[in-house]
Amino acid sequence: MLIVQKYGGTSVGSLERIENVANRIAKTKSQGNSLVVVVSAMSGETNKLIEYAHHFSKTPSKREMDILLSSGERVTASLLAIALQEMGYKAKAMTGRQAGIRTDNSHTYARIESIDTAFINSCLEEDNIVIVAGFQGINNNGDVTTLGRGGSDLSAVALAGALRADACEIYSDVDGVYTTDPRIEPKAKKLNTISYDEMLELSSLGAKVLQNRSVELAKKMGVKIIAKSSFSDGAGTIITQESEQMEAVLVSGIALDKNQARVSLRDVVDRPGIAAEIFNKLADEQINVDMIIQNASKEETTNLGFTVPYSELEGAKKVIDTFNHDIGGADYDENVCKVSIVGVGMKSHSGIAAKAFSAMADNNINIEMISTSEIKISMIIDEKYGELAVRVLHETYKLDQ
Ligand code: ADP
Ligand code: ASP
Ligand code: MG
């Protein structure tokens with residue numbers, strides 16, 4: 001079998017842990033498998049590098065940030081290969097470029113365009129364990145690019161797809177995908193399987209156990225992911241196509257995204273095209289607008305509210321300032337979060353939303369905004385009630401049973 005394994009930051013967070021990973025890889029290799037291993041930087045390392053850059057500049061150039069940030073995963077890839085060699089195995093570490101990963105030009109958030117697997121294949125043929133530095137590739141100019149936070153998951157899925165691997169195993173400090181973050185609700189239950197669409201919603205809505213773009217790509221390429229722990233043995237969680245069995249479950253999980261901010265625009269002139277102008281300009285500045293609410297207009301004006309990722313709030317403020325002729329006033333609230341309920345079973349069952357709203361009311365949690373899709377319900381609430389809301393909803397839908 002050809003197996004792609006990815007080890008996240010916590011799993012390679014110290015020299016002892018790198019050794020533990022080397023032992024696990026050695027075991028899989030001795031069972032007769034070919035192995036491509038993707039590694040993250042040691043935990044905390046990427047954040048540390050970002051802080052270093054911010055010591056010199058508030059807005060460091062993204063091209064240079066990519067060179068800087070890609071170094072973290074190179075450290076772990078080379079150390080892991082050295083450890084394996086010392087144990088008597090043939091191992092070869094490589095950067096994203098050497099692994100043939102080509103991306104577009106969006107520095108710090110690049111998309112993988114293609115993978116030339118020739119070098120990896122030749123290393124595998126020579127019986128090497130291939131160790132790839134995750135989270136990085138190279139663009140057409142030959143510059144290093146990185147794939148967005150948590151991007152080593154994406155490297156692993158893309159490599160598994162390109163190499164037509166038999167398995168893609170993502171190792172972290174949890175032994176699978178849970179009904180909610182077990183750090184918030186210790187009663188959370190591990191799921192045996194979850195559909196791509198549910199996982200995509202959960203990860204986009206804040207569950208960082210898998211990076212959302214990696215799930216999107218896995219669905220597109222039909223790569224079956226298994227999420228496991230590098231600290232224990234267990235079957236993990238399989239992320240795959242939706243099945244009838246999954247649809248029987250109403251709610252699969254609850255996610256919490258604290259990285260949210262709300263923008264409220266008062267007395268916006270009520271003329272055709274104003275919303276298009278505002279949201280086009282935000283899109284031009286690459287600001288991701290999420291929930292949008294427009295109140296029924298009174299007289300000549302209307303109120304408009306929406307959410308953006310917290311990190312994009314400053315950018316949003318700048319755009320809104322350019323509309324000061326059309327907008328009466330703007331309020332910004334950084335202390336909000338988004339709590340979401342996800343489940344493919346919602347497609348065929350009613351009353352799930354009503355139950356969530358009642359649970360919030362019973363606990364005196366005010367819902368500021370709501371949005372729904374076929375398989376999710378999201379609510380914006382005060383950040384200080386985020387974790388409580390997760391526990392309340394977990395209980396409401398009896399996810400601990
Ligand atoms: P890595 O560094 O290995 O990529 P991450 O820290 O990105 O790992 O992801 C693992 C973490 O995701 C867990 O420690 C857990 O707290 C968090 N998490 C959030 N939501 C969930 C969930 N629904 N199931 C499992 N883990 C979750
Ligand atoms: N080291 C990168 C990050 O912290 C990528 C990853 O860990 O997947 O975001
Ligand atoms: Mg991660």
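*Asks:* Please explain the overall build of the protein as it appears in this structure.
*Replies:* When its secondary structure is counted, the protein shows 12 helices and 18 strands. For a compact globule of 401 residues, the expected C-alpha radius of gyration is about 21 Å, and the protein comes in at 23 Å, within 12% of that figure. The proportion of buried residues among the 401 residues of the protein is 50%. Summed over its atoms, the accessible surface of the protein is roughly 19000 Å², and 47% of this surface lies on carbon and sulfur atoms. Looking at the protein, you have 42 positive and 54 negative side-chain charges, and the mean spots of the two groups are 4 Å apart.

*Asks:* Got a minute to help me understand the packing of helix α11 (residues 352-362) against helix α12 (residues 386-396) in this structure?
*Replies:* What describes two packed helices is the angle between their axes and the distance between those same axes. Here α11 crosses α12 at 130 degrees, and the two axes come no closer than 10 Å. One way to sum up the angle between α11 and α12 is to call them oblique. When you trace α11 past α12, the crossing you get is right-handed. Together, K355, A356, A359 and M360 of α11 and A389, V392, L393 and T396 of α12 make up the contact between the two elements. Of the residues assigned to the contact of α11 with α12, the class counts are 6 nonpolar, 1 polar and 1 charged.

*Asks:* Where do I start with the site of ligand 1 in this structure?
*Replies:* Residues in contact with ligand 1 amount to 17 residues; listed here are only the nearest, K6, D173, Y178, D181 and R183. G9 has a polar backbone atom sitting 3.3 Å from an oxygen atom of ligand 1. At 3.2 Å from an oxygen atom of ligand 1 is found a side-chain nitrogen or oxygen belonging to K208. Relative to its unbound accessible area of 580 Å², ligand 1 is 90% covered by the protein chains.

*Asks:* Whenever I open this one, the sheet that holds strand β11 (residues 225-229) confuses me. Can you help?
*Replies:* Pairing between the strands of a sheet is mediated by backbone hydrogen bonds and can be parallel or antiparallel. What the 8 strands build is an open sheet, ordered β3-β6-β2-β1-β9-β11-β12-β10; its pairing is mixed. At either margin of the open sheet sits one strand with a lone partner, and together these are β3 (91-94) and β10 (193-195). The mean angle between the axes of side-by-side strands here comes to 20 degrees, regardless of whether they run parallel or antiparallel. Bridge count for β10 against strand β12 (residues 237-240) is 3 bridges, and the pairing is parallel. Bridge pairing in β12 places I194 opposite I239. Helix-sheet contacts for helix α6 (residues 196-204) involve β10 and β12, and the interaxial angle to β10 is about 85 degrees.

About the criteria used
- Per-chain numbering applies: the sequence of each chain, read as written, is numbered from 1 onward.
- Chains and ligands are labelled sequentially in the order written, the chains with letters from A and the ligands with numbers from 1.
- Reporting in this predicted model follows two pLDDT cut-offs: at least 70 for local features of residues, and 80 or more for side-chain atom pairs to be given and counted; totals over whole chains, interfaces and linings ignore these cut-offs and use all residues.
- Side-chain measures here rest on the full set of heavy atoms in the structure, leaving out hydrogens and waters.
- Numbered from the N terminus, helices here are DSSP runs of H or I no shorter than four residues, and strands are runs of E no shorter than two.
- This radius of gyration counts C-alpha atoms alone. The globule rule is 2.2 Å times how many residues there are, raised to the power 0.38.
- Per-residue accessibility, obtained with a 1.4 Å probe over protein chains only, is compared with the maximum for each type, and a residue is labelled buried under 20%, exposed over 50%, and partly exposed between these values.
- Each accessible area is a Shrake-Rupley estimate made with a 1.4 Å probe; only the visible protein chains count as cover when residues are assessed.
- Two residue types count as positive, namely Lys and Arg, and two as negative, namely Asp and Glu; His and chain ends fall outside the count.
- Lys charges are placed at NZ, Arg charges at CZ, Asp charges at CG and Glu charges at CD.
- What counts as an axis is a line fitted to C-alpha atoms, over the stretch in contact for a helix, and the angles between N-to-C directions run from 0 to 180 degrees.
- When describing relative orientation, an angle under 35 degrees is termed roughly parallel and one over 145 degrees roughly antiparallel, while 65 to 115 degrees is termed roughly perpendicular and anything else oblique.
- A clockwise turn of the near helix away from the far one marks a right-handed crossing, whereas an anticlockwise turn of less than a right angle marks a left-handed crossing.
- By definition, residues are in contact when any of their heavy atoms lie within 4.5 Å.
- In this classification, Asp, Glu, Lys and Arg are treated as charged, Ala, Val, Leu, Ile, Met, Phe, Trp, Tyr, Cys and Pro as nonpolar, and every other residue, Gly included, as polar.
- Distances are taken per atom, and a residue is near a molecule or strand as soon as one of its heavy atoms is within 4 Å of it.
- Polar contact is the term for a pair of N or O atoms within 3.5 Å; when the atoms are in protein, one must be able to donate a hydrogen and the other to accept it, and sequence-neighboring residues count only if both atoms are side-chain atoms.
- DSSP-based pairing: two strands are paired if at least 2 bridges between them are found.

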